Amino acid sequence: MNRAPTHVMPKTRTQYVCRECGAKTPRWMGRCPECEGWNTLEERVERGPAASANGGGRARLVPGVGSARPVRLAEIEAISFDRLAVPIGEFSRVLGGGIVPGSLILIGGDPGVGKSTLLVQVADAVARGAGPVLYVSGEESLAQIALRARRLGLDAPDLLFASDTDLAGVMEAIESTGPTVVVVDSVQSIYSSELEASPGSVSQLRECTLRLMHLAKNSGVSIFLIGHVTKEGAIAGPKVLEHMVDTVLYLEGERYHTYRLLRSTKNRFGPTHEVGVFEMGEDGMIEVANPSAQFLAERGDGTTGSAVLVTMEGTRPLLVEVQALASRTSLAIPRRAGNGIEYNRLLLVAAVLSRRLGLPLHDQDLYVNVVGGLRIDEPAVDLAVALAIVSSVRDRPIDPRTVVAGEVGLSGELRSVGQLELRLREAAKLGFECAVVPRSPAAHALRGLGIELVQAASLREATRAALLPQAAPDGSEA
Ligand code: TYD
Ligand code: MG
């Protein structure tokens, strides 16, 4: 094969590549001619040899990488990640302490959850200290963006806005303004005119992200890509981009709750599973400095069916209220519904309660809710769910000064949870006086935390320790 001389302009053409077998065709077909799979052909831009200086093919997937010659660790220049400070603490902590120059960060979330609001606030905050920031919107006009920014009271002189959907235009704007940080809102709205595929399709998402990644790695500009996720996890959603970017953040929250959690699920430059807590207010996203106190703010004293869990979100302990309501069913198979907890955990806990504690749940509908719109995935939630259910069924409140954490095993035993000390310190800080936790050597070694520790080996023991005697409406004991 003749190699093209290197001085010619890069040639690009589009091809259709089968995502199953890798076969290429110049035209789109419904069925791959090689593997005969249906709808497997995706549009790709193929660049000529001049465009891919490293020999083309795979090398392009790792941009900013100079050569394929293997080197020793000592020969590799140490790059220090001098992070750009973000004066929004909750945002900064999720990134691992600021924005790494040249990084590509995907921030996903349901439409309307507050991605644009948060990022325009971040853009403004960064522009005040770390240099010019460019906010490119492909979804809103400049007038709409300005309206929002003014309403949020943002006016950093170094914050620039652009409204564009063409990738070439976006890249040009970035090159001509030389920002330190760019926000692209949203990655689904921009498209490369080199591809025929429509904006938001897998081919377009991949191509646009790849080009922006090149730009980030080569120029050192940090780029935030906003991406919509739909409940169905849409095929062309940010999921396909997760492996291409350095950091993946998700903004979560229930539409009708004001709390928003920013979580990192992937971070090449810091810890994952950190969480930042915000509240969506009239003036945009406000950091919540003491989330535990807020999550417990509306808790009633002495109500039945309520347990306080101390959970870990990353390295951060959070206190949340878990509520349960048992009510007599009118169905042949009673209903179980969980909000904020995994449905299977609820079924497991309910099964253990009826088998091991003899709790009559066969004719009870069960509803469990985590207050504040929080979602808890760790098994330590089991004990709170179990105790809230027992409390509701037996109509006995849990001591309001008690917190709990523990995993429930199938034989009704309690299994220990990690980071007990951090959890207990947070509980003590918020004025809780007693913690019911699984019996373990780690728990045994803990002392002087300012909170009484009750170690329970089984769910039965925990129930005995946490439930108060039945309270009649007049306050006397029944
Ligand atoms: P938005 O940031 O546009 O969401 P996304 O970019 O994730 O789609 O915010 C959406 C919602 O937030 C919108 O329904 C209005 C509400 N909102 C507030 O409650 N307070 C505010 O200050 C702003 C700007 C928006
Ligand atoms: Mg938006």
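## Remarks on the overall build of the protein chain
Part 1 of the reasoning: Within the protein chain one finds eleven helices and 21 strands.
Part 2 of the reasoning: The buried share of the protein chain, taken over its 478 residues, is 49%.
Part 3 of the reasoning: Put simply, of all contacts in the protein chain between residues at least 6 apart along the chain, 67% involve residues at least 24 apart.
Part 4 of the reasoning: Put simply, the protein chain shows about 23,300 Å² of open surface, and 51% of that area lies on carbon and sulfur atoms.

## Quick word on the environment of Ile451
Part 1 of the reasoning: Looking at where Ile451 falls in the secondary structure, it is placed in the loop between α10 (441–445) and β21 (452–456).
Part 2 of the reasoning: Here the alpha-carbon distance between Ile451 and Cys434, two residues 17 residues apart in the chain, equals 5.5 Å.
Part 3 of the reasoning: When residues no more than four places from it in sequence are discounted, the contact partners of Ile451 are Val403, Leu424, Ala427, Ala428, Phe432, Glu433, Cys434 and Ala435.

## Description of the confidence of the model for the protein chain
Part 1 of the reasoning: Looking at the protein chain, the pLDDT average stands at 86 and 88% of residues meet or exceed 70.
Part 2 of the reasoning: This model gives residues 1–9 a pLDDT under 50, and the stretch forms four contacts once residues within four places in sequence are excluded.

## Let's talk about the side chain of Gln204
Part 1 of the reasoning: Mapped onto the elements of the fold, Gln204 is located in helix α5 (residues 202–219).
Part 2 of the reasoning: Reaching out from Gln204, the side chain makes a polar contact with the backbone nitrogen of Ser192 at a distance of 2.8 Å.

## Section: the site of ligand 1
Part 1 of the reasoning: As a matter of local geometry, ligand 1 sits amid 16 residues, with Gly112, Lys115, Ser116, Thr117 and Gly281 nearest to it.
Part 2 of the reasoning: Between ligand 1 and Gly114, the relevant distance is 2.9 Å, taken from an oxygen atom to a main-chain nitrogen or oxygen of the residue.
Part 3 of the reasoning: For ligand 1, an oxygen atom lies 2.8 Å from a polar atom in the backbone of Gly284.
Part 4 of the reasoning: When isolated, ligand 1 has an accessible area of 550 Å², and the protein chains bury 72% of it.
Part 5 of the reasoning: Of all the elements in the fold, those that place two or more residues in the shell around ligand 1 are α2 (115–129), α3 (142–151) and β11 (275–281).

Calculation notes
- Residues numbered from 1 in each chain as written.
- Chains lettered and ligands numbered in written order.
- Predicted model: local features only at pLDDT ≥ 70, side-chain atom pairs only at ≥ 80, totals over all residues.
- Heavy atoms only, no water.
- Helix = DSSP H or I, 4+ residues; strand = E, 2+ residues; numbered from the N terminus.
- Buried < 20%, exposed > 50% of the residue type's maximum accessible area, 1.4 Å probe, protein only.
- Contact = heavy atoms within 4.5 Å.
- Areas by Shrake-Rupley, 256 points an atom, 1.4 Å probe, with all protein chains shown as cover.
- pLDDT = per-residue confidence, 0-100.
- Polar contact = N/O pair within 3.5 Å; in protein donor to acceptor, adjacent residues only side chain to side chain.
- Near = heavy atom within 4 Å.

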